[in-house]
Amino acid sequence: MQNYAVIDIGTLKVKFLIAQILDTGAIKEIYFSNNLTCFGCNMDETNGYISEKNLQTTVGELLRCKKLINDYNVANFKVVSTHALRNAKNREEIKRKMEEKTGFQIDNISQNEEALLFFKAVMNGFPDKPQDFAVVDVGGGSVQILIGNKKELKQMYRMQSGGQFLHENFTKNPHIPESFTTQEDIEKMRKYLLEQLIPLPSGLKTPIIYGSTCIIDLMKAMNIPLENYTESKSHPFKIYAKALDEFIKKVLPLTYREREIKFPFQYGYVWGI
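Residues numbered from 1 in each chain as written. Predicted model: local features only at pLDDT ≥ 70, side-chain atom pairs only at ≥ 80, totals over all residues. Heavy atoms only, no water.

Asks: I'm lost on helix α8 (residues 241-251) in this one. Help?
Replies: Regarding α8, the residues found buried are A243, F247 and V251. Each buried residue of α8 lies within a common arc of 65° when the element is viewed along its axis, so the set occupies one face. Seen from the buried face of α8, the exposed residues on the opposite side, beyond 90 degrees, are A241, K242 and K249. The inward-facing, buried residues of α8 abut α9 (256-262). (Buried < 20%, exposed > 50% of the residue type's maximum accessible area, 1.4 Å probe, protein only. Helix = DSSP H or I, 4+ residues; strand = E, 2+ residues; numbered from the N terminus. Arc of directions from axis to C-beta. Contact = heavy atoms within 4.5 Å.)

As structure tokens, then:
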């Protein structure tokens, strides 16, 4: 059976999957990694340019992935990039350098294409029912809210409000470990997010699916209570907003360094939680 692979170059992390497609159509994971490279970090400080340092870190991770592609005898693979490269002022130069250094052909997909791929992947894990869901894709730079069911995507809302974007643009000292997120910072984010959410229909009564690649691992590491959810094998847990609200109230007074010590997950991830 042949192995296939996909590499996703995001604002914060490079996600890498090697898998087999079974006769049933199911995907069997062979290898997966989700490593922090900060490809699009600090772009507010560089006036919209991807830095050479972040480029080199990302290239190093891509070369590691390339070795594994060869080791696992992958028959075919695809490399895509998303928000950071789409919005970088030096995107053509960065794309050319990455392709030259890695030998990969990199497809910088549009936000519409990213949203549609994400929606199809998430809904594939649910049974064939007419029920609508609101699927939320929160990345480091962009956010997509996608409303529909397994048969069709009905509505798409795109926003620039990813975790890294908010952290770098709405906190006073986003890169200082002794700093913390103030109530004033939170209020600025809240007002901005409410403006971003205005186009969404009011009174929406659909379940929300949060489809991040590591959100379950993150919540387990932080001892956030998860309940079993039997409707989807790929999304086996459910949670209520109250539990998340209680956790946020606990973590807000902590400095970023204190968060890392108390909740060791991936370095830097808890800063913008």
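From this point, the narrative continues.
Asks: Would you take a moment to explain the nonpolar core for this structure?
Replies: Core analysis: the biggest nonpolar cluster contains 24 residues, and I7, I9, F16, F39 and M98 have the highest contact counts within it. Only β1 (3-9), β2 (13-21), α1 (52-71), β4 (74-81), α2 (83-87) and α3 (91-102) provide two or more residues apiece to this core. Ranked by the residues each element gives to this core, the list is headed by α1, at six residues. With near-sequence residues (within four places) excluded, M98 lies in contact with I9, F39, L55, T58, V59, L62, L85, G103 and I106. Within the second largest apolar cluster, 13 residues are counted, among which are C214, I215, M219 and A243. (Core = buried A, V, L, I, M, F, W, Y, C linked by side-chain atoms within 4.5 Å.)

Asks: Hey, could you run me through the pattern of salt bridges in this one?
Replies: Evaluation of the coordinates by the stated rule reveals 18 salt bridges. Taking the shortest distance from any N to any O, the salt bridge between E178 and R257 comes out at 2.6 Å. Pair noted here: E178 is in the loop between α5 (163-170) and α6 (183-197) and R257 is in helix α9, with a separation of 79 residues, a long-range link. On the basis of relative accessibility, which here comes to 43%, the residue R257 falls in the partly exposed class. (Salt bridge = Lys/Arg side-chain N within 4 Å of Asp/Glu carboxyl O.)

Asks: In this structure, what is going on with the sheet that holds strand β3 (residues 27-36)? I would like to understand it.
Replies: Strands belonging to one sheet form pairs held by backbone hydrogen bonds; the direction of such a pair is parallel or antiparallel. Strand order in the open sheet formed by five strands is β3-β2-β1-β4-β5, and the pairing between neighbours is mixed. The open sheet has two edge strands with one neighbour each: β3 and β5 (106-108). Geometrically, the sheet is characterised by an average inter-axis angle of 20° between neighbouring strands, direction not taken into account. Across nine bridges, the pairing between β2 and β3 is antiparallel. (Pairing = 2+ DSSP bridges. Axes fitted to C-alpha atoms, helices over the stretch in contact; angles between N-to-C directions.)

Asks: Explain the sheet that holds strand β6 (residues 133-138) to me, please; I cannot follow it from the model alone.
Replies: Read across the open sheet, the four strands follow the order β8-β7-β6-β9; overall the sheet is mixed. If you trace the sheet from one side to the other, it starts and ends with β8 (153-159) and β9 (208-210), each paired once. Sheet twist, expressed as the mean angle between neighbouring strand axes with direction ignored, is 20°. In this sheet, β8 lies alongside strand β7 (residues 143-148) in antiparallel orientation, the contact comprising six bridges. Each bridged residue has a counterpart across the sheet, and for Q144 the counterpart in β8 is R158. Sheet strands in contact with helix α4 (residues 111-123) are β6, β7, β8 and β9, and its direction is about 55° off that of β7.

Asks: Help me understand the packing of α1 against α3 in this model?
Replies: The angle between the axes and the distance between the axes are what describe a pair of packed helices. Taken N-terminus to C-terminus, the directions of α1 and α3 make an angle of 35°; their axes are 10 Å apart at the nearest point. Where α1 crosses over α3, the handedness of that crossing is right-handed. In this structure, α1 uses E52, L55, Q56, T58, V59, L62, L63 and K66 to contact α3, whose residues at the interface are I94, K97, M98, K101 and T102. Per-class residue counts for the contact of α1 with α3 are six nonpolar, three polar and four charged. (Left-handed = near helix turned anticlockwise from the far one by under 90°. Nonpolar A, V, L, I, M, F, W, Y, C, P; charged D, E, K, R; others polar.)

Asks: Honestly, the packing of aromatic side chains in this entry has me stumped. Any pointers?
Replies: Describing an aromatic ring pair means giving the distance of the ring centres and the angle of the ring planes. In the structure shown here, the tally under the stated rule is ten aromatic pairs. Measuring from ring centre to ring centre gives 5.1 Å for F170 and Y192, while their planes differ by 45°; the resulting arrangement is tilted. Residue F170 is found in helix α5, and its partner Y192 is found in helix α6; the two are separated by 22 residues along the sequence. We note that F170, like Y192, is buried. Taken together, the aromatic side chains of F16, Y31 and Y72 make up a single cluster linked through ring pairs. One Lys or Arg, K66, reaches over the ring of F104 and ends 6.0 Å from the middle of that ring. (Phe/Tyr/Trp six-rings, centres within 6.5 Å; stacked < 30°, edge-to-face > 60°. Lys NZ or Arg CZ within 6 Å of the ring centre and 35° of its normal.)

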